[in-house]
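Remarks on the overall topology
Single-letter residue listing:
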Amino acid sequence: MPEHADIDLILEPGWLLPIAPVNEVLAGYSLAIDQGRILALGPSDQVQANWRAREHLRLPDHVVLPGLVNAHGHAAMSLLRGLGEGLPLQRWLEEVIWPVEGRWASEAFIQDGTQLAMAEMVRTGTTCFSDMYFFPEASARAAQLAGMRAQILFPLIQFPNPWSRDISEGLDKGLRLHDQYRDDPLLRIGFGPHAPYTVPDADLQRILTLADELDLQIQTHLHETAGEVDQARQQTGLSHIERFADLGLLVPRLQAVHMTQINERELSLVAETGVSVIHCPQSNLKLASGFCPVPELLAAGVRVGLGTDGAASNDSLDMFTEMRFASLLAKARSGDPAQLTALQMVETATLGGARALDLADRIGSLEPGKEADLIAVDLGGVASQPVYAPQAQLVHTNAGSLVSHVWVAGRALLTNGQLQTLDSTAINRRARNWGRQIQAGLDEG
Ligand SMILES: [Zn+2]
């Protein structure tokens, strides 16, 4: 490397948390970034001796870490935040969510809702999100305009919905979307069969064949509630995981969301076949769906990511809160406070999510060669003092509100707490308008 070559950015934070190759907090280290990628991470004097940067950002009270990966959600459902509280999953879907979506979901709704979600996600340190919702064309476009990294899953459901008459039409539209974005540097399109109980066997097999041909990911809700699994056993004698195994669907490109009901045999099947699991603790808690055995899955070598699910069942998209819930839940379930330590938790929310979405060659850790998706969290305020171990503040205090800077592939999306690519005033105004219209519709009955 030539001495004193001009690069884009040197970041000199109080602490660096690279996640890999070692997951420990480093003090006195800097990060060199150029053309959207991480060039080097090393002791600050070395980095500064080797490179001169157009921007040298000193953040002495901050911890810099990889951007968080929200591995499961329905972004535009942010416009339904808080609707139907107190109902279990099936009644919540059938009595509240599906009727409201049936009336209101449109391209404009999805565009405005996705922007609302992204504004919240960027502010709270998420750089990459997975989305499964109607009109994925609108969410892909919104993500591209905002400069966020995303896995956009086109929804596949056997009954008529606001976006498609049936699964065949969904596949046609979804494959066209894949064609459109096949070379996009930040977006990946994938298959989003909604759930085992809304997609028949023949369609699941067709989806797998197409995903293999195109080398795309598949994400589905799987074993979300005990009721869903009991019903499957009564009807077919098999759980959904066993049915997926028979269909050949347990493959590394399958991302299974929730997995709150999973016995030892099913856990072995998942581990042996390389399926990844997305844990959504707050959504599972709010809908009283059950508990995903994350420490057991990690011990078995399963790739586990973390997701917020839609804001309608959470009700926020703050991945720092999600980390806290996941950590506390694992400790409470096991009776062992050593389960899911703060460092393990941050790894799950970053590199874990990247692995689960098959993006770990690009993002998830602060390693040279990876894309510069990273965030800075300001631990200078009273709610963070004193700082003995920054990872404790990240997981167990309100760190989502302390995110000051966000970069995706080296581009600043948040600077000193200010959104750079999203207009929060306009987003807020449109969200309020949707809220008023939807409430008026509900009042009419
Ligand atoms: Zn979901």
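Heads up: these notes are all about the structure in this document. (Residues numbered from 1 in each chain as written. Predicted model: local features only at pLDDT ≥ 70, side-chain atom pairs only at ≥ 80, totals over all residues. Heavy atoms only, no water.)

Section: the environment of leucine 68
Within the secondary structure, leucine 68 is located in strand β6 (residues 68–70). When the C-alpha positions of leucine 68 and isoleucine 363 are compared, they lie 9.8 Å apart, and in sequence the two are 295 residues distant. When neighbours within four sequence positions are excluded, leucine 68 is seen to be in contact with Thr124, Gly125, Thr126, Thr127, Cys128, Met319, Phe320, Met323, Ala349, Thr350 and Ile375. (Helix = DSSP H or I, 4+ residues; strand = E, 2+ residues; numbered from the N terminus. Contact = heavy atoms within 4.5 Å.)

Describing the coordination of the zinc ion
Around the zinc ion, the donor atoms from the protein are His72 (NE2), His74 (NE2), His221 (NE2) and Asp309 (OD), and they sit 2.1 to 2.2 Å away. Given four donor atoms and angles of 88 to 171° at the metal, the environment of the zinc ion is assigned as irregular. The sequence pattern formed by the donor residues of the zinc ion is H-x1-H-x146-H-x87-D. Note that histidine 74 is positioned in the loop between β6 and α2 (89–104) and aspartate 309 in the loop between β13 (304–306) and α12 (319–334), a separation of 235 residues in sequence. Looking at aspartate 309, the relative accessible area reads 5%, which means it is buried. (Donors = N, O, S within 2.8 Å, 3.2 Å for Na, K, Ca; no water. Tetrahedral: all angles 85-135°; square planar, octahedral: opposite > 155°, others 65-115°. Buried < 20%, exposed > 50% of the residue type's maximum accessible area, 1.4 Å probe, protein only.)

Structural notes on the pairing of strand β9 (residues 187–193)
In terms of residue burial, β9 counts as a mostly covered element, since six of its seven residues are buried. One ladder, built from seven bridges, connects strand β8 (residues 149–156) with β9; its direction is parallel. Within β9, the residue paired with alanine 150 across the bridge is leucine 187. (Pairing = 2+ DSSP bridges.)

Looking at the packing of aromatic side chains
Under the criterion given, the structure shown has five aromatic pairs. Between tryptophan 104 and tryptophan 434, the aromatic rings sit 6.5 Å apart at their centres with planes inclined by 85°, giving edge-to-face as the arrangement. Of this pair, tryptophan 104 sits in helix α2 while tryptophan 434 sits in helix α15 (residues 424–444), and the two are 330 residues apart along the sequence. A relative accessible area of 15% places tryptophan 104 in the buried class. (Phe/Tyr/Trp six-rings, centres within 6.5 Å; stacked < 30°, edge-to-face > 60°.)

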